[in-house]
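A structural walkthrough
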Amino acid sequence: MGRLRRLLAGRRPRLLSLRTTFAVSFAAVTAAVTIVTGILSYSAAARLVRVDQQSVFDEVVQDLRDEVRQHEMTPDDFSSSAPGHDIVRPARTDVQVLDPDGRVGDSGSPPLPVTADDRRIAASGTAGKMVEHKDVVVADDVYRIATVALGDGRGAVQVAQEFSDTEDLLRALQQRTLIMMSAVVVAAGLFGWWLARRITRRLVVLTSAAENVARTRQLGIQVPVTGYDEVGRLGRSFDRMLGRLAQSEEDQRRLVQDAGHELRTPLTSLRTNISLLRRIDELPPTAREELVADLGQEARELTDLVNELVDLAAGQSDTEPPQRVDLADIAEDVVGLARRRTGREIVLRASGDTTTEGRPGMLQRAVSNLVENAAKFDRGGHEPIEVSVSGPARPGLVRVEVLDRGPGVADEDLIRIFDRFYRAADARSLPGSGLGLSIVREVALAHGGAPFAHLRAGGGSVIGFTVSGARR
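Scoring rules and cut-offs
- Residues numbered from 1 in each chain as written.
- Predicted model: local features only at pLDDT ≥ 70, side-chain atom pairs only at ≥ 80, totals over all residues.
- Heavy atoms only, no water.
- UniProt positions renumbered as here; feature names shortened; annotations may be inferred.
- Helix = DSSP H or I, 4+ residues; strand = E, 2+ residues; numbered from the N terminus.
- Polar contact = N/O pair within 3.5 Å; in protein donor to acceptor, adjacent residues only side chain to side chain.
- Contact = heavy atoms within 4.5 Å.
- Axes fitted to C-alpha atoms, helices over the stretch in contact; angles between N-to-C directions.
- Parallel < 35°, antiparallel > 145°, perpendicular 65-115°, else oblique.
- Left-handed = near helix turned anticlockwise from the far one by under 90°.
- Nonpolar A, V, L, I, M, F, W, Y, C, P; charged D, E, K, R; others polar.
- Salt bridge = Lys/Arg side-chain N within 4 Å of Asp/Glu carboxyl O.
- Buried < 20%, exposed > 50% of the residue type's maximum accessible area, 1.4 Å probe, protein only.
- Pairing = 2+ DSSP bridges.
- Phe/Tyr/Trp six-rings, centres within 6.5 Å; stacked < 30°, edge-to-face > 60°.
- Expected span 1.5 Å × (residues − 1).
- Patch = residues over 30% accessible without salt bridge, like charges linked within 9 Å, V, L, I, M, F, W, Y side chains within 5 Å.
- Areas by Shrake-Rupley, 256 points an atom, 1.4 Å probe, with all protein chains shown as cover.
- Lys, Arg positive; Asp, Glu negative; His and termini not counted.
- Charge placed at Lys NZ, Arg CZ, Asp CG, Glu CD.

Before going further, it helps to spend a moment on the UniProt feature "transmembrane region" (unreviewed entry) in the protein chain. If you check UniProt for "transmembrane region" (unreviewed entry), the listed places come out as residues 21-45 and 178-196 in our numbering. For residues 21-45, helix accounts for 100% and strand for 0%, while the C-alpha atoms at its two ends are 35 Å apart. As annotated, residues 178-196 comprises 100% helix and 0% strand, and the C-alpha atoms at either end are separated by 26 Å.

A few words now on the side chain of T356. Relative to the assigned elements, T356 resides in strand β8 (residues 355-358). Among the polar contacts listed, one links the side chain of T356 to the backbone oxygen of S468, at a separation of 2.4 Å. Not counting residues within four places of it along the chain, the set of residues in contact with T356 comprises Q323, R324, V325, L327, L363, V467, S468, G469 and A470.

Attention now goes to the packing of helix α7 (residues 327-342) against helix α8 (residues 360-377). Contact pair α7 / α8: the axes reach a minimum separation of 9 Å and the direction vectors enclose 40 degrees. In terms of axis orientation, α7 runs oblique to α8. For the crossing formed where α7 meets α8, the hand is right-handed. Where α7 abuts α8, its residues L327, I330, A331, D333, V334, A338, R341 and T342 lie against P360, L363, Q364, V367, S368, V371, E372 and A375. Classifying every residue of the contact of α7 with α8 by side-chain character gives 10 nonpolar, 3 polar and 3 charged.

For the bond running from S109 to P110, omega is 5 degrees, close enough to zero to count as cis. Mapped onto the elements of the fold, P110 is located in the loop between β2 (104-106) and α3 (116-122). Backbone geometry places D135, a non-glycine residue, at a positive phi of 55 degrees. With respect to the secondary-structure elements, D135 resides in strand β3 (residues 130-138). Located in the positive-phi region is D152, a residue other than glycine, with phi close to 55 degrees. Within the fold, D152 resides in the loop between β4 (141-149) and β5 (156-162).

So, about the pattern of salt bridges. For the structure on display, the rule yields 9 salt bridges. Salt-bridge contacts for R154 lead to D152; the nearest nitrogen and oxygen are separated by 2.9 Å. The buried category is assigned to R154, whose relative accessible area is 17%. The partner of R441 in a salt bridge is E442, and the shortest N-O contact between them spans 3.2 Å. Taken together, the shared-partner salt bridges in this structure form one network comprising R349, E386 and R456.

Here the focus is the packing of α8 against helix α10 (residues 436-446). In contact at an axis separation of 9 Å, α8 and α10 are set at 145 degrees when each is read in the N-to-C sense. In the crossing of α8 with α10, the sense of the turn from one axis to the other is left-handed. Taking contact as the criterion, the partners of M362, L363, R365, A366, N369, L370 and N373 in α8 are, on α10, G436, L437, I439, V440, V443 and A446. Counted by class, the contact of α8 with α10 contains 9 nonpolar, 3 polar and 1 charged residues.

Okay, the pairing of β3 next. Where β3 lies against β4, 7 bridges are found, and the strand directions are antiparallel. Each bridged residue has a counterpart across the sheet, and for V136 the counterpart in β4 is Y143. Where β3 folds back onto β4 in an antiparallel hairpin, the turn is made up of 2 residues, including A139, whose phi is positive at roughly 50 degrees.

This next bit is on the packing of aromatic side chains. In the structure shown here, the tally under the stated rule is 1 aromatic pair. Consider the rings of F191 and W194, whose centres lie 5.7 Å apart with planes at 35 degrees: the pair is tilted. With a gap of 3 residues between them, F191 and W194 both fall in helix α4 (residues 164-216), about one helical turn apart. On the basis of relative accessibility, which here comes to 42%, the residue F191 falls in the partly exposed class.

For α7, spanning 16 residues, the distance from its first C-alpha to its last is 22 Å, which sits close to the expected 22 Å at 1.5 Å a residue. For α7, the set of buried residues is L327, A328, I330, A331, V334, V335, G336 and A338. N-capping of α7 is provided by D326, with a side-chain oxygen placed 3.0 Å from the backbone N of A328. After α7 finishes, the residue G343 shows a positive phi value of roughly 75 degrees.

Together, D52, D58, E59, D63 and E132 line one region of the surface with negative charge. The greatest single-element share of the negative patch, amounting to 4 residues, is contributed by helix α2 (residues 18-70). With respect to the secondary-structure elements, E59 resides in helix α2. Overall, E59 belongs to the exposed group, its relative accessible area being 52%.

Written out as structure tokens, the structure is:
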């Protein structure tokens, strides 16, 4: 059964490329328009030619009938051998004269057939009386014949017009029309193929780049795209997407490497202390208490580190739906919790419209990290920690900042404190993972803002972030 399925799958028709589809569609539309136009043009031209020929024949016959009604005429008056005969012979028109008894008095060229109706008209006493014959074959040509009585039994005149030449002309026109339509369809197909190649050339480049990425898994491929149309915009979007994916992949790689490096230290310390547990009975009571305290502290630090790694790795993939929130309310909740945890005096100031569209959990974590960071570095400080929420700090931005009177941040560290796992030299002895401010940066970027840090006048530091204000 599986083999049969594979055989059937192998026989599936190969899908046409966009270039071929475009060329075939262009040729098909052109062919349809050309065929319809050709048929309509030929039909109109044929109708005009036939109507014109019929009009000429009808005029000749009508002139003959008017002539014989107005004047008494005999068959000799219409003889081709008599000078000044009284009928005009247009091109492809044949005239034959019948005697009163219906016999041919002056034969046409070629001779026309005479029927019983024609002989009856020749013997008719009414001038201008007529009988008409359509589609009469004479010498392999098709004629239309009208027999007009001279009146008083003096005979009749037959007027015939050849229509086969007209049909031959129309058939030639039809053949030429078909040839022209075929040439137009072929030319349209070639032009459509050339146009399709020109239009899809850049799409082929994008397809090759996408296939190359799928095959090699290398996201740092430069996509050569030109133009400002939809294809150009698609190419530039594809190039930016690859760049962001490459940056995301690099960030993940660095996160794994940095996390592995940072996790080694607490894990090594835990293994060392756990090995001491085997000899805990040999240790004095004081050493036992210190060992248990160290294990508890290391477990808490490892838990905090893992939690921060999870938060950081989640980044913008947080499943919490965005909603309209007030940053001042979030800061108030964070400040109240921080007061109970640290026992420090923390002052909150809010001004302006501080609402934003965002994820409350992420924003609360960012504000909490800033307050905890200030309390950690301003340990033992006597002045209150200040939290300020204002909006808009700039058009469309809400600003959150935490001010402390700690040792401040060195100038060379200001541009790096938001990097993952980065810790200043004077902060390495303090507990922490170096991920708190990195999470603040990720939250700010995810909400259309950016982090910032600078020294505070009179000592200490100001660290915070901005987010986009709520749309009105």
